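Next come the chains, spelled out residue by residue.
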Amino acid sequence: AIPNLLDPTIPDGADETENVEIHKWGEPKATHSVDHVDIGENLGLLDFETAAKMSGARFTILRGDLARLERALGQFMLDTHCDEHGYTQLSGPLMVRDQAMFGTGQLPKFRDDQFLVSTGHWLIPTSEVTLTNTVMDAIHNENDFPLRLTSFTPCFRAEAGAAGKDTRGMIRQHQFYKDELVSITLPEHS
């Protein structure tokens, strides 16, 4: 129930239309854009129809080179974070207990956006949940910090609050892969 504390200079606004542009670099180039769904389906790399047959809406199948690209990008990012920036890769549980979800603020606020399985575990919406909870209920020496952790996992989100909004294509999917970075630091170094 504790909100993120914003910098006091951040102006209040009702929604994204009231955002204030602080800095702009370069000029946007006028381009002719083609929807990623049309590109992927025309190349035979995205298959929403088959995924919907087995799982319903908000799922897709990536085929061939696109599936390889997803895996390669995940691996590239893991290697970059670990080899060049000192992160430690973890491969943790994809299902967690209530306490872990509360520990990262997923519960209670986002309860309707999560998947609860019959065992009482939650499918992780992001590996931030498992990465940050590696220090749950533990006391660490300040010399152990910063802890830099990364993971590439499937993520699961019900996206209950987004019904009918931005649902075409690979936006607001129930399942997707994501590289996550977590740094656990002393407050004065965060």
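Details of the structure are given in the entry above.
The present account deals with the structure reproduced in this document. (Residues numbered from 1 in each chain as written. Predicted model: local features only at pLDDT ≥ 70, side-chain atom pairs only at ≥ 80, totals over all residues. Heavy atoms only, no water.)

## Remarks on the packing of aromatic side chains
Scanning all chains against the criterion turns up one aromatic pair. Judged by centre distance (5.4 Å) and plane angle (25°), the rings of F152 and Y177 are stacked. A residue pair is termed long-range when its members are at least 10 positions apart, and F152 in strand β7 (residues 147-156) and Y177 in strand β8 (residues 175-184) qualify at 25 residues. We classify Y177 as partly exposed; its relative accessible area is 41%. (Phe/Tyr/Trp six-rings, centres within 6.5 Å; stacked < 30°, edge-to-face > 60°. Helix = DSSP H or I, 4+ residues; strand = E, 2+ residues; numbered from the N terminus. Buried < 20%, exposed > 50% of the residue type's maximum accessible area, 1.4 Å probe, protein only.)

## Some remarks on the nonpolar core
Judged by nonpolar contacts, V96, A100, M101, L107, W122, I124 and V129 together constitute the single largest core of seven residues. Contact partners of I124, with chain neighbours within four places excluded, come to P93, L94, M95, V96, V129, T130, T153, P154, C155 and F156. With five residues, the next largest nonpolar core counts L131, V135, L149 and V182 among its residues. (Core = buried A, V, L, I, M, F, W, Y, C linked by side-chain atoms within 4.5 Å. Contact = heavy atoms within 4.5 Å.)

## Some points on the pattern of salt bridges
Under the criterion given, the structure shown has two salt bridges. For D47, the salt bridge goes to R63, with nearest N and O atoms at 2.6 Å. With a gap of 16 residues between them, D47 in strand β1 (residues 46-47) and R63 in the loop between β2 (61-62) and α3 (64-85) connect regions that are remote in the sequence. The exposure class of D47 is buried, given its relative accessible area of 12%. K178 serves as the salt-bridge partner of E180, at 2.7 Å between the closest nitrogen and oxygen. Taking relative accessible area as the criterion, E180 reaches 11% and is therefore assigned buried. (Salt bridge = Lys/Arg side-chain N within 4 Å of Asp/Glu carboxyl O.)

## Some details on α3
For α3, which comprises 22 residues, the first-to-last C-alpha distance of 31 Å matches the rise-based estimate of 32 Å (1.5 Å per residue) to within 8%. Three or more residues of α3 are buried, namely G74, L78, T80 and H81. Looking straight down α3, one finds its buried side chains confined to an arc of 160°; they lie on one side. Opposite the packed face of α3, turned more than 90 degrees from it, sit the exposed residues D65, R68, F76, D83 and E84. Here the buried face of α3 lies against β3 (88-89), β7 and β8. At the exit of α3 stands G86, carrying a positive phi of roughly 75°. (Expected span 1.5 Å × (residues − 1). Arc of directions from axis to C-beta.)

## Some words on the sheet that holds β7
Two strands in a sheet stick together by hydrogen bonds in their backbones, pointing the same way (parallel) or opposite ways (antiparallel). Overall, mixed pairing links the three strands, which are arranged β3-β7-β8 in an open sheet. The open sheet has two edge strands with one neighbour each: β3 and β8. Pairing geometry for β3 and β7, over two bridges, is parallel. Paired with Q89 across the bridge in β7 is T150. (Pairing = 2+ DSSP bridges.)

## Section: the environment of L69
As for its position among the elements, L69 is in helix α3. Accessibility expressed as a relative area gives 44% for L69, which makes it partly exposed.

## Side note on helix α2 (residues 48-55)
Two or three places before E49, at the opening of α2, D47 has a side-chain oxygen 3.3 Å from that residue's backbone nitrogen. Of the residues trailing α2, G56 is marked for its positive phi of about 95°. (Polar contact = N/O pair within 3.5 Å; in protein donor to acceptor, adjacent residues only side chain to side chain.)

## A look at the sheet that holds strand β5 (residues 115-116)
If you trace the three strands from one edge of the open sheet to the other, you get β4-β6-β5, paired in antiparallel fashion. This sheet does not close on itself; its edge strands, each paired only once, are β4 (95-96) and β5. For β5 and strand β6 (residues 122-123), the ladder comprises two bridges, and the chain directions are antiparallel. Paired with F115 across the two strands is L123, which belongs to β6.

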